[in-house]
Amino acid sequence: MGGLTRATEDYLKHIWSANEWSDEPVTTTQLARDMGLSPSTVSESIAKLAREGLVDHEKYQSIRLTDEGTTHALEMVRAHRLIETFLHSRLGYSWDEIHEEADALEHVVSPRFIEAIDDLLGTPEYDPHGDPIPRRDGSLPPRQAIPLDDAAEGEAIVVRVDDSDPERLREASRLGLYPGQTVRIEGGTISVNGERVDAGSFVGRVWVTDNR
């Protein structure tokens, strides 16, 4: 979309996404694991991105996007999440199918196509998994969510479900564990639509409203 290679777009999107819901530093080891690549390949690619002014990185230190890198990353994240929303709401894809499809499409569509989807959908602020969709100016809708394991016992509303594991998404779907769903957290379990399940299965994958 921005004249970058597909590989560069993927790196920038992964680096930005790694810090969206976590404060942990982004490392080459983490990126290699998340992207299914060898650490040596990632190290070489990050060095190239640094030379191009898209990331800041010193050996054995964390990886940070530059302003230019952030701009490109947000363009990719916006495209990805709008495509996911379109596939789910207009084409009938289940929410465990849309991530992989959007990964492929985001690299080949034009900015005009993305803006047309945005207009058609009425400028949605969140994708089907509850992730905020970057606006046209690069700003983000508010995020008011905490990890499930930080929530107090009692009622809370599901805000986000991580989309990296299709199997977990299918389980969440079976339970009705969607953004907007009210759940009850009690004794290490979550009650959803009257069914109680082990909360540990969804730690690190579900975010809820702060009920403390």
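How each quantity is defined
- Residues numbered from 1 in each chain as written.
- Predicted model: local features only at pLDDT ≥ 70, side-chain atom pairs only at ≥ 80, totals over all residues.
- Heavy atoms only, no water.
- Phe/Tyr/Trp six-rings, centres within 6.5 Å; stacked < 30°, edge-to-face > 60°.
- Helix = DSSP H or I, 4+ residues; strand = E, 2+ residues; numbered from the N terminus.
- Lys NZ or Arg CZ within 6 Å of the ring centre and 35° of its normal.
- Axes fitted to C-alpha atoms, helices over the stretch in contact; angles between N-to-C directions.
- Parallel < 35°, antiparallel > 145°, perpendicular 65-115°, else oblique.
- Left-handed = near helix turned anticlockwise from the far one by under 90°.
- Contact = heavy atoms within 4.5 Å.
- Nonpolar A, V, L, I, M, F, W, Y, C, P; charged D, E, K, R; others polar.
- Salt bridge = Lys/Arg side-chain N within 4 Å of Asp/Glu carboxyl O.
- Buried < 20%, exposed > 50% of the residue type's maximum accessible area, 1.4 Å probe, protein only.
- Pairing = 2+ DSSP bridges.
- Polar contact = N/O pair within 3.5 Å; in protein donor to acceptor, adjacent residues only side chain to side chain.

1. Some thoughts on the packing of aromatic side chains
Geometrically, a pair of aromatic rings is defined through the distance of the ring centres and the angle of the planes. According to the stated counting rule, one finds two aromatic pairs in the structure shown. With 5.5 Å between their ring centres and 55° between their planes, Trp21 and Trp207 make a pair best called tilted. Remark: Trp207 occurs in strand S8 (residues 206-208) and Trp21 occurs in the loop between helix H1 (6-18) and helix H2 (28-35); sequence separation between them is 186 residues. Here the guanidinium or amino end of Arg143 rests over the ring plane of Trp21, the centre of that ring lying 5.2 Å away. The cationic tip of Arg160 hangs over the ring face of Trp207; the distance from NZ or CZ to the ring centre is 4.4 Å.

2. Some thoughts on the packing of H2 against helix H3 (residues 39-51)
How two helices sit against one another is set out by the angle between their axes and by the gap between those axes. At their nearest, the axes of H2 and H3 sit 9 Å apart, and the two run at 115° to each other. By the angle between their directions, the pair H2 and H3 is classed as roughly perpendicular. The hand of the H2/H3 crossing is right-handed. Residue-level contacts link Thr28, Leu31 and Ala32 of H2 to Pro39, Val42, Ser43 and Ile46 of H3. Split into classes, the residues belonging to the contact of H2 with H3 amount to five nonpolar, two polar and no charged.

3. Some remarks on the pattern of salt bridges
Counting across every chain of the model gives 21 salt bridges. Across the salt bridge formed by Glu20 and Arg81, the nearest N and O atoms sit 2.6 Å from each other. One end of the pair, Glu20, is in the loop between H1 and H2; the other, Arg81, is in helix H4 (residues 67-90), and 61 residues separate them in sequence. Its relative accessible area of 8% is what places Glu20 among the buried residues. The closest approach of N and O atoms between Asp34 and Arg33, which form a salt bridge, is 3.8 Å.

4. Let's talk about the side chain of Thr85
Structurally, the position occupied by Thr85 is in helix H4. For Thr85, the contacting residues outside a window of four places in its chain are Arg90, Leu121, Pro124, Tyr126, Asp127, Pro128 and Ile133.

5. Overview of the pairing of strand S4 (residues 154-161)
Bridge analysis of S4 against strand S5 (residues 182-186) gives four bridges, and the strand direction is antiparallel. In the sheet register, Ile157 faces S5, and the bridge partner there is Thr182. Bridge analysis of S4 against S8 gives three bridges, and the strand direction is antiparallel. Paired with Val158 across the two strands is Val208, which belongs to S8.

6. Examining the side chain of Thr189
Positionally, Thr189 belongs in strand S6 (residues 189-192). Looking at Thr189, the relative accessible area reads 16%, which means it is buried. When residues no more than four places from it in sequence are discounted, the contact partners of Thr189 are Arg184, Arg196, Val197 and Ala199.

7. Quick word on unusual backbone geometry
Excluding glycine, most residues fall at negative phi; most peptide bonds, likewise, are trans. For Thr123, which is not glycine, the phi torsion reads 55° and is therefore positive. Note on placement: Thr123 falls in the loop between helix H6 (111-121) and strand S3 (146-147).

8. A short note on the environment of Arg136
With respect to the helices and strands, the residue Arg136 is situated in the loop between H6 and S3. Considering only alpha carbons, one finds Arg136 and Ala73, 63 residues apart in sequence, at a separation of 13 Å. Apart from residues lying up to four places away in sequence, Arg136 is in contact with Arg78, Glu115, Asp118 and Asp119. Reaching out from Arg136, the side chain makes a polar contact with the side chain of Asp118 at a distance of 3.3 Å.

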